[in-house]
Amino acid sequence: MIGVDPHKGSHTAVIIGAAEEPLGELRIRASAVQAQKLIAWAAAWPERTWAVEGAGGLGHLLAQQLTAAGERVLDVQPKLAARVRLLAAGDTNKTDPNDARSVAVAALRSDGCRQVRPDDHSAVLQVWSKRHRDLARSRNQVACRLHAVICELVPGGVQKEITAAHAGRLLEEAVPSGAVLLARWELAADFLEDLRRIDAQLSQVKKKLAAAVKASGTTLTEVFGVGPVIAGIVLGEVEDVSRFRDRDHFAAYNGTAPVEVSSGNRKVHRLSRRGNRRVNHAVHMAAITQIRHPHSEGRAYYDKKIAEGKTSKEAVRALKRRISDAIYRRLRVDARRVVSQSAQVTGPGGQAGNVTDASAADSHPECRLFGTATPGPEPTLRPDQAAQPKKRSSQASKKMNRTT
């Protein structure tokens, strides 16, 4: 196992054996031939695996270069390496060789290290999702500063969320008198210009993100409350849904599943602060969107939990878990459809078979994952229709039983 501690200017690699004994160490400068140097150095150990700390961050380029060269590369989270360094009985100094060795030991001991795959379309979604997140944070910062300056120019300021149009009207009506008020007015005008520029950039990024989500061919946007931005975050972070055994594993990954904190006969479950917080935030935004639309099934589920005595936060958490399961099912459906299309299934007589993934899980009303992506009016039924349940054919019932 070869552990790599990547940096902007250099990379340190340490190789260990099965007994965690050090076998070699190398430090190279970050350059265009960094992967070739590491592979040439490791040629003496043909049965090797690379463990790169933060393969999605500073070590992304090196990990992709090693993968492209046919090497097996694992992504080691910095927390795992830090725990190994903390529990080490010997050297615990924070040096690059010790860090690289901790990365190798963590990869050797842990089964949860994910293998690095070549970049695909999910990398495009990651790029634009991160850009959207950075711009949204910058906009909030500029909007707060603009609001603070306007409060010093206009009594009461802005009661609701500030927009560029509203702020522009307030500055046009404000007549500064004196050097101090004039300086504040000019500062507010600068903030307003920044806000308009960021709004324009956000609009362009949303268009690019929507195009990237559409190009992925996902059906994730059919989940009520999941738009291109949320779908881009989920698809970019999840990458390959097959790495999750079931919906419970996926819920643990995104932090919507509670954590068991038990001791003896005492069984307690608490709110999870673990998992991918970006995916958790995306699921949270989808839940808030559903709650804000009274006709949605998500709002009905939220009201049901409130009627059962749950608090508002507990009801939101329960709804988030339902949305997590819905997202997981959509991701699985998309993955099966891609596999079917790539396999080019043929039917009897050489005819092309049905490669769509239509099943009772998609067609049955109870499995439609909180309706369509676009809110619509609440459906109404006549009393006689509402009282009589719909009859299902035996074939549809068999399909639904197989699916469930």
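The preceding data block contains the structure.
All values reported here derive from a predicted model rather than from experimental measurement.

## Quick notes on the nonpolar core
Here comes step 1: In this structure, Leu220, Val234, Val238, Phe250, Ile327 and Leu331 are the most contacted members of the largest nonpolar core, which totals 33 residues.
Here comes step 2: Those elements that place two or more of their residues in this core are helix H7 (179-216), helix H8 (228-238), helix H9 (247-254), helix H10 (277-292), helix H11 (297-307) and helix H12 (312-343).
Here comes step 3: The leading source of residues in this core is H12, at eight residues.
Here comes step 4: Residue contacts for Ile327: discarding those within four places in its chain leaves Leu220, Val234, Phe250 and Val283.
Here comes step 5: The next biggest cluster of nonpolar side chains, apart from the first, holds 21 residues, and it includes Leu135, Ala143, Val154 and Phe191.

## Considerations on the side chain of Arg139
Here comes step 1: Its location among the elements puts Arg139 in helix H5 (residues 121-153).
Here comes step 2: Only 2.6 Å separates the side chain of Arg139 from the side chain of Asp199, close enough to count as a polar contact.
Here comes step 3: With residues near it in sequence (within four places) discarded, Arg139 still touches Glu161, Ile162, Thr163, Leu195, Ile198, Asp199 and Leu202.

## Considerations on the packing of aromatic side chains
Here comes step 1: All told, the structure shown has five aromatic pairs when counted by the stated rule.
Here comes step 2: Taken together, Phe244, Phe250, Tyr253 and Tyr328 form an aromatic cluster joined through their ring pairs.
Here comes step 3: The ring of Tyr253 is capped by Arg243, whose NZ or CZ atom sits 5.1 Å from the centre of that ring.
Here comes step 4: Above the face of the Tyr301 ring, Arg322 is positioned so that its terminal group lies 4.4 Å from the ring centre.

## With respect to the side chain of Asp5
Here comes step 1: Note that Asp5 resides in strand E1 (residues 2-6).
Here comes step 2: In this structure the side chain of Asp5 is engaged in a polar contact, spanning 3.0 Å, whose partner is the side chain of His7.
Here comes step 3: When near neighbours in sequence (up to four residues on either side) are disregarded, Asp5 contacts Ser10, His11, Thr12, Glu53, Asp96, Asp99 and Ala100.

Conventions and cut-offs
- Residues numbered from 1 in each chain as written.
- Predicted model: local features only at pLDDT ≥ 70, side-chain atom pairs only at ≥ 80, totals over all residues.
- Heavy atoms only, no water.
- Core = buried A, V, L, I, M, F, W, Y, C linked by side-chain atoms within 4.5 Å.
- Buried < 20%, exposed > 50% of the residue type's maximum accessible area, 1.4 Å probe, protein only.
- Helix = DSSP H or I, 4+ residues; strand = E, 2+ residues; numbered from the N terminus.
- Contact = heavy atoms within 4.5 Å.
- Polar contact = N/O pair within 3.5 Å; in protein donor to acceptor, adjacent residues only side chain to side chain.
- Phe/Tyr/Trp six-rings, centres within 6.5 Å; stacked < 30°, edge-to-face > 60°.
- Lys NZ or Arg CZ within 6 Å of the ring centre and 35° of its normal.

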